[in-house]
Amino acid sequence: MRVLITGAQGQVGQELTRLAPADFSVIGLGSNELDISNPEQVVSRIGEFKPQLIINAAAYTAVDKAETDSERAYAVNAKGAENLAASAATLGIPLLHISTDYVFSGDACTPYKETDPTGPTGVYGASKLAGELAVAKVCTQHVIMRTSWVFGAQGNNFVKTMLRLAQTRDVLGVVADQHGCPTSAASIAKALWSLASHYRNNGKLNWGTYHFSNMPATTWHGFAEEIFSQAVALKILTKSPQVNPINTQDYPTPARRPSWSVMDCCLIEEKLSITQSDWQDELREMLKGMAI
Ligand SMILES: NC(=O)c1ccc[n+]([C@@H]2O[C@H](COP(=O)([O-])OP(=O)(O)OC[C@H]3O[C@@H](n4cnc5c(N)ncnc54)[C@H](OP(=O)(O)O)[C@@H]3O)[C@@H](O)[C@H]2O)c1
């Protein structure tokens, strides 16, 4: 089966390419090879490669910048997703699309279910929600996978920021009143390949919108402490900085951050047999790769 991966140079895109099962023929295109916001380019690239399934890992992910760059955020996250969905629908092939917990307001205190009302508070979340709606409307054969707090060996993410700061700082203040589930890019890639394999073997999937993250829930502060503890154990760091808990108000950002990003991932297990792994194990795997 031929699979086209968009955003192939991103955190998830690179893991999708690295972890592609040998029995798939994979074409991974970075933004320089396929700009998903360009409808003519989408049609021509898809016509050229004739994929039998598309995985969209491309997105405008600069949450703060999106507040002043909303046109571009919508061009990629909404129109870009729609362009891919339209091409997939024309060809009668599925689109596996990645979305985010930012489609919710982040004010809850119990894990978000797929049926909970959305209510993004910033441009990034609103543009991703517009993308979800377009995909669901235009392409029946779709899976939208909402995930959260993505980390991996490639690209920029919280783990790499913490490791970098630890080189020069003895004391760090890290937000302790935002709750979420860190999720490795590798585990997202594995889940998506599992869906692709199921589709290839059965010619169908339980199409729809699903939540997927690693578990259990923590805070950025809890995540930072675990990163430093594992990095010291693996000798990536000689010592851990002191990690002081701070509040969101002590770390102002242009885009509001959700205080609650935790999602209920029961549905994806029930309907698509995708189970949640532990982010601490996923983190160890990532750090082991960096320690070599
Ligand atoms: N990162 C997180 O914490 C997080 C959390 C929840 C959900 N998600 C979702 O997970 C998915 C993957 O995110 P990620 O963490 O892998 O993000 P990422 O590392 O920022 O990768 C996104 C990729 O998309 C590419 N891209 C941007 N505009 C494009 C365009 N017009 N056409 C084609 N490619 C374009 C980027 O290329 P350039 O760098 O060249 O622009 C980048 O390589 C996204 O849907 C994101 O919304 C991420």
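Here the structure is a predicted model, which means the values were calculated and not measured.

For the rest of this paragraph, the subject is the site of the ligand. Neighbouring residues of the ligand: 24 residues in total, closest Ser31, Asp35, Thr61, Tyr124 and Lys128. The contact in question runs from a nitrogen atom of the ligand to an N or O atom on the backbone of Leu34, over 3.4 Å. Ala59 places a polar main-chain atom, nitrogen or oxygen, 3.2 Å from an oxygen atom of the ligand. When the ligand sits alone it has 900 Å² of accessible area, and the protein chains cover 78% of it. The element best represented in the shell around the ligand is strand β4 (residues 95-100), accounting for three residues. Split into classes, the residues belonging to the shell around the ligand amount to 11 nonpolar, 10 polar and three charged.

Turning to the pattern of salt bridges, a few remarks are in order. Counted according to the given criterion, the structure contains 11 salt bridges. Two residues, Arg257 and Asp64, come together in a salt bridge whose shortest N-O distance is 2.9 Å. Of the two residues, Arg257 sits in the loop between β12 (242-246) and α8 (266-272) while Asp64 sits in the loop between β3 (53-56) and α3 (70-91), which places them 193 residues apart along the sequence. Judged by relative accessible area, which is 24%, Asp64 ranks as partly exposed. A salt bridge links Asp107 to Arg256; the nearest nitrogen and oxygen atoms lie 2.5 Å apart. With Asp107 in the loop between β4 and α4 (123-138) and Arg256 in the loop between β12 and α8, this pair connects stretches of sequence that are 149 residues apart.

The next point concerns unusual backbone geometry. With omega at -5°, the peptide bond leading from Met215 into Pro216 counts as cis. With a phi close to 45°, Lys50 is a non-glycine residue in the positive phi region. With respect to the helices and strands, Lys50 occurs in the loop between α2 (39-49) and β3. The backbone of Ser273 sits at a positive phi, close to 60°, despite the residue not being glycine. Structurally, the position occupied by Ser273 is in the loop between α8 and α9 (279-291).

If you trace the backbone, Asn157 turns up in the loop between β6 (150-151) and α5 (158-168). For Asn157 and Gln11, which are 146 residues apart along the polypeptide, the C-alpha to C-alpha distance reads 8.6 Å. Residue contacts for Asn157: discarding those within four places in its chain leaves Gln11, Val150, Phe151 and Gly152.

Sequence separation between Asp64 and Gly122 is 58 residues, and the spatial gap between their C-alpha atoms is 8.8 Å. When residues no more than four places from it in sequence are discounted, the contact partners of Asp64 are Thr253, Pro254, Ala255 and Arg257. Within the local environment of Asp64, its side chain forms a polar contact with the backbone nitrogen of Ala255, the two atoms lying 3.0 Å apart.

Let's shift gears to the sheet that holds strand β5 (residues 142-147). Read from one edge of the open sheet, six strands run β2-β1-β3-β4-β5-β10, paired in parallel fashion. Strands at the two margins of the open sheet, each flanked by one partner only, are β2 (25-29) and β10 (208-211). Strand-to-strand twist of the sheet, defined as the mean angle between neighbouring strand axes without regard to direction, takes the value 20°. Judged from the five bridges that link them, strand β1 (residues 2-6) and β2 form a sheet pairing that is parallel. Paired with Leu4 across the strands is Ile27, a residue of β2. In the packing of α3 onto the sheet, the strands contacted are β1, β3 and β4, and the crossing angle to β4 comes to about 160°. Against the sheet, α4 contacts β4 and β5, and its axis sits at roughly 155° relative to β4.

Thresholds applied
- Residues numbered from 1 in each chain as written.
- Predicted model: local features only at pLDDT ≥ 70, side-chain atom pairs only at ≥ 80, totals over all residues.
- Heavy atoms only, no water.
- Near = heavy atom within 4 Å.
- Polar contact = N/O pair within 3.5 Å; in protein donor to acceptor, adjacent residues only side chain to side chain.
- Areas by Shrake-Rupley, 256 points an atom, 1.4 Å probe, with all protein chains shown as cover.
- Helix = DSSP H or I, 4+ residues; strand = E, 2+ residues; numbered from the N terminus.
- Nonpolar A, V, L, I, M, F, W, Y, C, P; charged D, E, K, R; others polar.
- Salt bridge = Lys/Arg side-chain N within 4 Å of Asp/Glu carboxyl O.
- Buried < 20%, exposed > 50% of the residue type's maximum accessible area, 1.4 Å probe, protein only.
- Contact = heavy atoms within 4.5 Å.
- Pairing = 2+ DSSP bridges.
- Axes fitted to C-alpha atoms, helices over the stretch in contact; angles between N-to-C directions.

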